[in-house]
Amino acid sequence: MKNILLIIAIILCIGCTKENYPLGEVDEDVDYFSKKEVKPKSQWNELDYLCDSMQRAYGIEIIYEYTPRIISGNTFFMPPQYDLALPYTKVVLDKMWLGPLKEKFPEFFKKETPIEFILAGGYVHFNSATITATAAGAGMNAQFYRLGMGGVNNFSLNRAWLKDHVVTLYHEHAHQIDHKYGRGYLYDRVSQGKYYGLSGYFRNPATGNIRTDDEAQKDGFFKPYGGYAPEEDFATSVEYMVKYSENTIKTFIAKNRDLETKYKMVHQMYQDMGVNLHDLYKVVDSVVYKVNY
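This section reports on the structure supplied with the text. If you're wondering where the values come from, they're calculated on a predicted model, not measured in any experiment.

A word on the packing of helix H5 (residues 159-181) against helix H11 (residues 277-289)
It is at 9 Å that the axes of H5 and H11 come closest, and there the two elements cross at 145°. By crossing handedness, the relation of H5 to H11 is classed as right-handed. Counting all contacts with H5, which are made through Arg159, Leu162, Lys163, Val166 and Tyr170, the residues of H11 involved are Leu280, Tyr281, Val284, Asp285, Val288 and Tyr289. Considered class by class, the residues forming the contact of H5 with H11 number eight nonpolar, no polar and three charged.

Focus on the side chain of lysine 262
One can find lysine 262 in helix H10 (residues 257-272). According to the relative accessible area criterion, lysine 262 is buried, its value standing at 1%. Residue contacts for lysine 262: discarding those within four places in its chain leaves Tyr187, Val190, Ser191, Tyr195, Gly220, Phe221 and Asp233.

Examining helix H8 (residues 230-243)
Over its 14 residues, H8 extends 20 Å from the first C-alpha to the last, a length consistent with the 20 Å expected when each residue adds 1.5 Å. With 12 of its 14 residues buried, H8 lies for the most part within the structure. Tucked inside the fold, the buried residues of H8 contact H5, helix H6 (185-190), helix H7 (213-219), helix H9 (246-253), H10 and H11.

Things to note about the environment of arginine 146
Relative to the helices and strands, arginine 146 resides in strand E6 (residues 146-149). Under the relative-accessibility criterion, arginine 146 is labelled buried at 2%. Here the alpha-carbon distance between arginine 146 and isoleucine 118, two residues 28 residues apart in the chain, equals 7.5 Å. A polar side-chain atom of arginine 146 sits 2.7 Å from a polar atom in the side chain of glutamate 116.

Structural notes on the nonpolar core
In this structure, Leu93, Trp97, Phe117 and Tyr270 are the most contacted members of the largest nonpolar core, which totals 59 residues. Look past the residues within four positions of leucine 93 in its chain and what remains in contact with it is Met54, Ile62, Tyr88, Leu98, Gly99, Phe117, Leu119 and Leu169.

A closer look at the packing of aromatic side chains
Tallied over the full model, the rule gives 18 aromatic pairs. Linked through ring pairs, Phe222, Tyr240, Tyr244 and Phe252 together constitute an aromatic cluster. Between arginine 211 and the ring centre of tyrosine 196, over which it is positioned, the NZ or CZ distance is 3.5 Å.

Some details on H5
In this model H5 runs 33 Å from its N-terminal to its C-terminal C-alpha over 23 residues, within 8% of the 33 Å that 1.5 Å per residue would give. Where H5 begins, one side-chain oxygen reaches toward the backbone nitrogen of alanine 160, 3.0 Å away; that side chain belongs to asparagine 158.

A short note on the pattern of salt bridges
Evaluated as defined, the whole model comprises 21 salt bridges. Its salt-bridge partner being glutamate 215, residue arginine 211 comes within 2.7 Å of it at the nearest N-O pair. In this structure, the salt-bridge partner of glutamate 246 is lysine 250, at a minimum N-O distance of 3.8 Å. Taken together, the residues glutamate 246 and lysine 250, both in helix H9 and four residues apart, mark about one turn of the helix. By relative accessible area, lysine 250 is classed as partly exposed at 44%.

Some words on the pairing of strand E3 (residues 116-119)
Both faces of E3 are covered, namely the face carrying Glu116 and Ile118 and the face carrying Phe117 and Leu119. Note that strand E1 (residues 61-63) and E3 share three bridges and pair parallel. For glutamate 61, the partnering residue across the bridge sits in E3 and is glutamate 116.

So, how was this worked out
Residues numbered from 1 in each chain as written. Predicted model: local features only at pLDDT ≥ 70, side-chain atom pairs only at ≥ 80, totals over all residues. Heavy atoms only, no water. Axes fitted to C-alpha atoms, helices over the stretch in contact; angles between N-to-C directions. Helix = DSSP H or I, 4+ residues; strand = E, 2+ residues; numbered from the N terminus. Left-handed = near helix turned anticlockwise from the far one by under 90°. Contact = heavy atoms within 4.5 Å. Nonpolar A, V, L, I, M, F, W, Y, C, P; charged D, E, K, R; others polar. Buried < 20%, exposed > 50% of the residue type's maximum accessible area, 1.4 Å probe, protein only. Expected span 1.5 Å × (residues − 1). Polar contact = N/O pair within 3.5 Å; in protein donor to acceptor, adjacent residues only side chain to side chain. Core = buried A, V, L, I, M, F, W, Y, C linked by side-chain atoms within 4.5 Å. Phe/Tyr/Trp six-rings, centres within 6.5 Å; stacked < 30°, edge-to-face > 60°. Lys NZ or Arg CZ within 6 Å of the ring centre and 35° of its normal. Salt bridge = Lys/Arg side-chain N within 4 Å of Asp/Glu carboxyl O. Pairing = 2+ DSSP bridges.

Rendered as structure tokens:
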């Protein structure tokens, strides 16, 4: 979702025809994740045993083996590499996401954790399995019972990569929260008529310059992508509250009254669900920078 401009550009370039199906025709009414075959336990590897133990501990099924023919007739998600999916699941999903969330925010964990998590290698394929574009969770996270993340094939123990990936995970999860409960009519009214839209969120049409966070914050959004549309405004608000400290967030919202208003609405919504986003920032910051993996 975060690279929507690139994704749409690729769609426009190659079209939406169904003439080049290297993987065969796709039935758009079939959920291929749910149709996967059960793997005999005699064939389990280390990751299968890990996924099984995590499902029993957290109630979430982790899916890493599947046909690339997923989501819709012209969109392909590719499975991750095993040698990267294994450490990714151990570090990101267990130690950085599910474990801390269950321990620190049990009410939120119990009610809002999806029951499926899809590992994607990091590529969305439109019509051709050889034409790629990176995406975080495009196409998967409109279903509030199923969360998915791309970029698994880029897994790294680099702290900056880990922090960016985890906050992106919470960005994608925010879309699920939005679909499940709605961000509210009043939220959409705050910046009504002020969104940049698809053509303006990356580059300011008036100046031709790439938009900066500072410019976006003065316009009422945490980051330029938040100015694309209300749904990304909501998700990037959650993302930045998990990414930055409360003091830093206060410097951001001091730049624009609308941004402060939306911040308060999102913060209260999550507070009512059992998680203080500023406390979540501290937890994420700790597991990223203060734990050795």
